[in-house]
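Per-entry structural report
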Amino acid sequence: MSDEVFIYVIVFGTLLGTLSLAAVLIWFERRLIGLWQDRLGPNRVGPFGIGLALADILKMFAKEDWIPPFADKFVFIFAPTVVLISMFMGFAVIPWAPGVQIVDLNIGLLFFLGMTSLAVYSVLLGGLSSHNKYSLLGGLRAASQMVSYEVFMGLSLMGVVMLTGSFSLVAIVNAQQNLWFVVSQPLGFFVFLIAGIAESHRLPFDLPEAEHELVAGFHTEYSGMKFGMFMVGEYLGVILISSIVATIFFGGWLGPDFLPPFFWLAIKIFTLICFFVLLRAAIPRPRFDQLMSLGWKIMLPLTLANLLVTGGIVLWTGYQP
Amino acid sequence: MSIELFPFYVAATVSLVSTLLAVSRYSPTHALIYFIISLLATAVVFFLLGAPFAAVLEIMVYAGAIVVLFLFVVMMLNLGSRGDELAHQWLKPKMWIMPSILCLILFFELVYVLSGTSTPITGTAVSPKEVGIQLFGPYVLAVEIASMLLLAALVGAYHLGRRYLSDTRGQS
């Protein structure tokens, strides 16, 4: 019985924790970018302006939720929910601490990749159902960007799988007792990080919603809480990618004993989120053809070379995970 | 029919119904939505039969990549104003009631299965490692033939794209 209660605690803890973290990120990101750009950022509501997160949510709910008459109504409403559902499903396999996990699948890594690949339908259907040229262009860009970056997003993790001998995230964390995979798989880490940013279509890879050329891209016609769901989905994507990177490449919950395991994971996730925000503040957006040729001409060969070298070394040394 | 087989029959029924609907729809978009649900249902069937690796590949490769490309083509063809009008006639809101209901059933079933009191069908689960050993052991010839086919398709697509480009350049 206590096991059943425990699993519910983990499920609701994960749901509420990630959702409230996503809400706080709205404020935190603006404040951090402000810091890096030598200005204050939002600092009026509450201590350090943290009330902004709450004010923003209230604003979202209070805004008029307008469905354009020319839009395909049901798809239009359905599209923003896909990203939230698939992102939340992705969190199911993340091990927060030893034994604290919703489910330890032996295909955990593949489950995560499958859920992120389903998230593309949100953007696609949103762009398609709006019947707006900007939305359609944004949706098209998102589809080609996410499908291409997905290819080596999966492939870049296979080096880690080779060294672990399992797709289970718990096994991957346990395999990093002596050495983090960021040291033994630096190329895989580099490619996965870039693919992860592209997959969650964050700046500098936010071409599906590039403001200067596509108005707001796939969510041009969205307002109120439906737009809010896209936004929360994006922040959930950032948290999910950070959690996966921390788990796979930075040893997950592993760390010296003076802090509990969950805190180590939280510190790693927090640092990675800050890095994501720094990227947004520091790097300009590439052109779309630059983005695609970066993917197919640089990232994919790099990933394949990494696989080849890792596989060669594993066979040469007779390494047994 | 024992209660343990219930999820399997539900998933199988959903996949059959959605496949039938995918074939019988006029609009390509609706057909594709039903097709996605059919693939997800098939993935659940795979999972229940003890092949989690095949289930996840079904979601990743078919639902996550191939159908996205189909939708991509549909979006490209809908770009003209006539296509927009046609799409407007085709995309009626009530078309979307069935996919969402089927999706919800699948979703609740997946939650039920993952809550994992017991695996409903007590077949032996095949781990990804065993699949890999089989693929690169007894079935290595089939894998190599498939990879040859893919390489041929890749070279062919590249060739077609090149010729198209050089033709238009020659005319202009």
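The shown structure was predicted, so the numbers you read here are calculated from the model rather than taken from an experiment.

1. Remarks on the overall build of chain A
The number of helices and strands found in chain A is 13 helices and zero strands. Counted from the first residue to the last, chain A has its helices and strands arranged as α-α-α-α-α-α-α-α-α-α-α-α-α. Oriented by its inertia axes, the alpha-carbon framework of chain A measures out at about 65 × 45 × 45 Å. A total of 321 residues make up chain A; the buried ones form 48% of that total.

2. A few points about the overall build of chain B
Helix and strand counts for chain B stand at seven helices and zero strands. Helices and strands in chain B line up, N terminus first, as α-α-α-α-α-α-α. In chain B, the proportion of contacts linking residues at least 24 apart, taken out of those at least 6 apart, comes to 70%.

3. Looking at the packing of helix H4 (residues 108–118) of chain A against helix H3 (residues 52–77) of chain B
H3(B) packs onto H4(A) with a crossing angle of 20° between their chain directions and a minimal axis gap of 9 Å. In terms of orientation, H4(A) lies roughly parallel with respect to H3(B). Relative to H3(B), H4(A) is oriented so that their crossing is left-handed. On H3(B), the residues that touch A:Leu110, A:Phe111, A:Leu113, A:Gly114, A:Ser117 and A:Leu118 of H4(A) are B:Val56, B:Ile59, B:Met60, B:Ala63, B:Gly64 and B:Ala65. Class assignment for the residues of the contact of H4(A) with H3(B) results in nine nonpolar, three polar and no charged.

4. Points about the interface of chain A and chain B
Every contact between the two is made by 27 residues of chain A and, on the other side, 23 residues of chain B. Those elements giving two or more residues to the side of chain A that touches chain B turn out to be helix H3 (73–90), H4, helix H5 (120–129) and helix H6 (133–164) of chain A. Here the side of chain A that touches chain B is built from residues that sort into 18 nonpolar, six polar and three charged.

5. As for unusual backbone geometry
Within the chain, A:Asp38 stands out as a residue other than glycine whose phi angle is a positive 60°. As for its position among the elements, A:Asp38 is in the loop between helix H1 (2–36) and helix H2 (51–62).

6. Overview of the environment of B:Ile37
All names here are of chain B. By the secondary structure assignment, Ile-37 is in helix H2 (residues 28–48). Along the chain, Ile-37 and Ala-63 lie 26 residues apart, while their C-alpha atoms are 8.5 Å from each other. Those residues in contact with Ile-37 that lie beyond four places of it in its chain are Ser-18, Pro-99, Leu-102 and Cys-103.

7. As for the packing of H6(A) against helix H13 (residues 288–317) of chain A
All names here are of chain A. Orientation of H6 relative to H13, taken along the N-to-C sense of each, is 15°, at an axis distance of 9 Å. When the axis of H6 is compared with that of H13, the two are roughly parallel. Every pair of crossing elements has a handedness; the one defined by H6 and H13 is left-handed. Residues belonging to the contact of H6 with H13 are distributed by class as follows: 14 nonpolar, 10 polar and one charged.

8. Some details on the nonpolar core
Residues A:Leu124, A:Val245 and B:Leu40 are the most contacted members of the largest nonpolar core, which totals 124 residues. Those residues in contact with A:Leu124, other than ones at most four positions away along the chain, are A:Gly139, A:Ala142, A:Ala143, B:Val68 and B:Leu71.

9. A few points about the confidence of the model for chain B
Residue and element names in this part refer to chain B. Chain-level pLDDT for chain B is 77 on average; 76% of the residues reach the 70-or-more range. The secondary-structure element of chain B with the lowest mean pLDDT is helix H4 (residues 81–90), recorded at 60, while H2 shows the highest, at 84. The ipTM for the predicted assembly is 0.75, set against a pTM of 0.82.

10. Let's talk about the environment of B:Val14
Residue and element names in this part refer to chain B. One can find Val-14 in helix H1 (residues 6–24). Measuring from C-alpha to C-alpha, the distance between Val-14 and Thr-42 comes to 8.8 Å, with 28 residues separating the pair along the chain. Other than its neighbours up to four places away in sequence, Val-14 contacts Ala-41, Leu-102, Ile-105 and Leu-106.

11. Focus: the environment of A:Trp36
All names here are of chain A. Position of Trp-36 relative to the elements: it lies in helix H1. Residue class for Trp-36 comes out partly exposed when judged on the 14 C-beta atoms lying within 10 Å of it. Considered as a pair, Trp-36 and Val-277 are 241 residues apart in the sequence and their alpha carbons are 9.9 Å apart. Among all residues touching Trp-36, those that are not within four sequence positions of it are Leu-278 and Ala-281.

12. Digging into H4(A)
Every α-helix carries 3.6 residues per turn, so stepping three or four residues along brings you back to the same face. When you tally the buried positions in H4(A), you get 11 out of 11 residues, the bulk of the element. Regarding H4(A), the residues found buried are A:Gly108, A:Leu109, A:Leu110, A:Phe111, A:Phe112, A:Leu113, A:Gly114, A:Met115, A:Thr116, A:Ser117 and A:Leu118.

13. Structural notes on H5(A)
The element H5(A) is largely enclosed, with a buried count of 10 among its 10 residues. For H5(A), the complete set of buried residues consists of A:Val120, A:Tyr121, A:Ser122, A:Val123, A:Leu124, A:Leu125, A:Gly126, A:Gly127, A:Leu128 and A:Ser129. Looking at the buried residues of H5(A), the elements they touch are H3, H4, H6 and helix H11 (224–249) of chain A together with H3 of chain B.

Conventions we followed
Residues numbered from 1 in each chain as written. Chains lettered and ligands numbered in written order. Predicted model: local features only at pLDDT ≥ 70, side-chain atom pairs only at ≥ 80, totals over all residues. Helix = DSSP H or I, 4+ residues; strand = E, 2+ residues; numbered from the N terminus. Buried ≥ 20, exposed ≤ 12 C-beta atoms within 10 Å, placed from the backbone. Contact = placed C-beta atoms within 7 Å. Axes fitted to C-alpha atoms, helices over the stretch in contact; angles between N-to-C directions. Parallel < 35°, antiparallel > 145°, perpendicular 65-115°, else oblique. Left-handed = near helix turned anticlockwise from the far one by under 90°. Nonpolar A, V, L, I, M, F, W, Y, C, P; charged D, E, K, R; others polar. Core = buried A, V, L, I, M, F, W, Y, C linked by C-beta atoms within 7 Å. pLDDT = per-residue confidence, 0-100.

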